[in-house]
Amino acid sequence: MPTGSDLRQKYLDFFKQRGHVVIPPAPLVPESDPSTLFTSSGMQPLIPFLLGEPHPQGRRLVNIQPSFRAQDLEEVGDNRHTTFFEMLGNWSLGDYFKAEQLAWFWEFLTSVLKLSPDRLYVTVFAGNDAVPKDTLSAGILQKIGLKKDHLFYYGVENNWWSRSGPPDQMPESEPGGPDSEVFYDFGADLGIHEKSGFKDQKCHPNCDCGRFLEIGNSVFMQYQKNADGTLGELPQKNVDFGGGLERTLAAVQNTPDIFRTDLFYPIIDLAEKAADKSYADPAFQPQFRVIADHLKASVMLASDGVFPSNKAQGYILRRLIRRSVVKMRKLISGPVTDFCGRMVVAAGNIYREVYLSDSQIRQAAEIISAEVDKFDHVLTRGLKEITRYPKLDGKIAFNLLQTYGFPWELTYEIATDLGQHINPADFQTEFARHQTLSRTASRGMFKGGLRDQSEITTKYHTATHLLHQALRSTLGDHVSQKGSNITSDRLRFDFSHDQKLNPQEIQAVENLVNQKISENLPVTRQEMAKDEALKTGALAFFAQKYPDVVSVYTIGSQNNWYSREICGGPHVSSTGEIGKIKIVKEESAGSGVRRIYAQIIK
Ligand code: SER
């Protein structure tokens, strides 16, 4: 039976044979994209190229992108939802379109993976006032062998894809388009629909019962939102395909439960033995699944440099770890640290040599174990705090969660044990109020994102290159980039240097950057072989994997440049556009690493 590794290889080989270049995956935490916390699909790092910028590797690309979707955190526990997953992706940047994409993916599923057409269902866009019904895709699908009664039409709620959902929710300049989704049917005879909470509704490919599993999505990305709210045509017609590796593997292995595949089961197997409980027991299945998914996601985030904290990515990592500890306590009695440590290693081993080295697995295990230990104290403190309240209610439960990270399920259980009852609806009301507030905040952040990318963050991006070079000129060539993060308010740059910068050094660096800005140096982009780029002295961020052909940004003239870096952009076209910068803070960012915050002040 093909394994996860076999499937990765088969997919890449198939598209390589059809003229695609394999591009390396992007980090899980995006480098210079303030509009989002995580890389949640393969297309995300490709936005500039889908909008028309030429990609250095050509117009046919393929890769497998580790992805994380925090919005699915609460969904984990059923047979198919996860937070971390690997996305199979292939793209046509204004090259082939519907005919090739639909036929190739069908061929991949039926000829390479040997899935029976009897099991495959495909959906296409039903059309609306602005975009016609996708009869072209329907015709192609039937020609290549899709059964007539296996073709379904849905509207924007199911068969439209953009990063922000249906057309009316797309911010200005966001690309999107109608899509065609392939579902694998595990068959009526398993009774999945009848045993589910959806048994009173008619089952169909998009039913939530779990009988049908969506395994691939071909987005025909040919539209972009205009400023006046209408949809305009992009300069090129793209294909953006994304498929779930884990789900496709479940289809290939014909198990409706993705947690039974080799991409999860090693973690569950260990947990079953340590807890002496069976995964087959439906009472424990959600716990096992949450633990397997969350620990795996935690390993991937921690090995990508995320530390548990109360902010941004760190907060999500903390939630993942804490939620898995709570579930572990439902499976085993007594301390969980050791148990958890062993499962973390099992989770890391699934990706050893694919994405992780031994030392990254060790590092992730240390970070996660420290948080597990800390959370044990949180639990102890929360348990003590609870005794201060004569009567528990939904609001107290929510405050305990907010203040101590004390999980709702535990407060609820304790209240029951004490003969009190908390109405879950009261807790939900508090929770929903808080969620609305944070959703509004993050929507604001996203809305600003695309515009930011073309304006202020582009300036910060170029300013970061100037800063990098100014630090090397002032402190020495041992300075190299260790990290970078840009928001619309500031840049943050981490670099190797083992001493605090004194005020004179900070001033010298700032002056140098501002001098290069006032010289209004040209910023130019070239494509070259990676080795060639490094030979010419281009700086690179070595924590990142680069493809063989890279884009290189040079600040200054070609024979007398000031800065040259391998970078995906975007950048301003001359440094004068930046304005003026100020270094607002300098601090340690770990041993041998300093961090600078700088702002554009005019
Ligand atoms: N962008 C689409 C998705 O995430 C297809 O790659 O589903």
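Above this text you will find the structure in question.
Residues numbered from 1 in each chain as written. Predicted model: local features only at pLDDT ≥ 70, side-chain atom pairs only at ≥ 80, totals over all residues. Heavy atoms only, no water.

K.L.:
What am I meant to see in the pattern of salt bridges here?
P.N.:
When their charged atoms lie close together, side chains carrying opposite charge are able to pair. The final tally for this structure, using the stated rule, is 28 salt bridges. Residue Lys-147 is joined to Asp-118 by a salt bridge in which the shortest nitrogen-to-oxygen separation is 2.7 Å. Linking Lys-147 in the loop between helix H4 (135-143) and strand E5 (151-154) with Asp-118 in the loop between helix H3 (98-112) and strand E4 (120-125), this pair joins segments that are 29 residues apart in sequence. Residue Glu-371 pairs with Arg-318 through a salt bridge whose shortest N-O separation is 2.9 Å. Here Arg-318 lies in helix H10 (residues 312-331) and Glu-371 lies in helix H12 (residues 358-386), a separation of 53 residues in the sequence. In this structure, a network of salt bridges that share partners links the residues Arg-318, Arg-322, Glu-371 and Lys-374. (Salt bridge = Lys/Arg side-chain N within 4 Å of Asp/Glu carboxyl O. Helix = DSSP H or I, 4+ residues; strand = E, 2+ residues; numbered from the N terminus.)

K.L.:
Explain the sheet that holds strand E10 (residues 481-486) here, please?
P.N.:
Across a sheet, paired strands are connected by hydrogen bonds in the backbone, their directions being either parallel or antiparallel. Judged by pairing direction, the sheet is antiparallel, and its four strands sit side by side in the order E10-E11-E16-E15 without closing on themselves. Both edges of this open sheet fall to E10 and strand E15 (581-588), since each of them pairs with a single strand only. Shown here is a sheet whose adjacent strand axes are inclined to one another by a mean of 20 degrees, direction ignored. Two strands pair when backbone bridges link them, and E15 and strand E16 (residues 593-600) are joined in this way by seven bridges, in the antiparallel orientation. Bridge pairing in E16 places Lys-582 opposite Gln-599. (Pairing = 2+ DSSP bridges. Axes fitted to C-alpha atoms, helices over the stretch in contact; angles between N-to-C directions.)

K.L.:
In this structure, what is going on with the nonpolar core? I would like to understand it.
P.N.:
If you look at soluble globular proteins, the nonpolar side chains tend to sit buried side by side. With 108 residues, the main nonpolar core has Tyr-11, Phe-68, Leu-109 and Leu-115 as its most contacted residues. Per element, the largest residue contribution to this core is ten residues, and it comes from H12. Residues in contact with Tyr-11, not counting those within four places in the same chain, are Val-62, Asn-63, Ile-64, Leu-88, Gly-89, Asn-90, Phe-108 and Phe-241. Judged by nonpolar contacts, the second largest core, of 31 residues, contains Leu-467, Leu-491, Val-523 and Ala-598. (Core = buried A, V, L, I, M, F, W, Y, C linked by side-chain atoms within 4.5 Å. Buried < 20%, exposed > 50% of the residue type's maximum accessible area, 1.4 Å probe, protein only. Contact = heavy atoms within 4.5 Å.)

K.L.:
What exactly am I supposed to notice about the site of the ligand here?
P.N.:
Taken together, the residues surrounding the ligand are Ser-41, Met-43, Arg-69, Met-87, Trp-161, Asn-217, Val-219, Asp-240, Phe-241 and Gly-242. Measuring from an oxygen atom of the ligand, one finds a backbone N or O atom of Gly-242 at 3.1 Å. A total of 230 Å² of accessible area belongs to the ligand in isolation, and the protein chains cover 95% of it. The set of elements that each furnish at least two residues to the shell around the ligand consists of strand E8 (212-225) and strand E9 (231-244). Per element, the largest residue contribution to the shell around the ligand is three residues, and it comes from E9. Considered class by class, the residues forming the shell around the ligand number five nonpolar, three polar and two charged. (Near = heavy atom within 4 Å. Polar contact = N/O pair within 3.5 Å; in protein donor to acceptor, adjacent residues only side chain to side chain. Areas by Shrake-Rupley, 256 points an atom, 1.4 Å probe, with all protein chains shown as cover. Nonpolar A, V, L, I, M, F, W, Y, C, P; charged D, E, K, R; others polar.)

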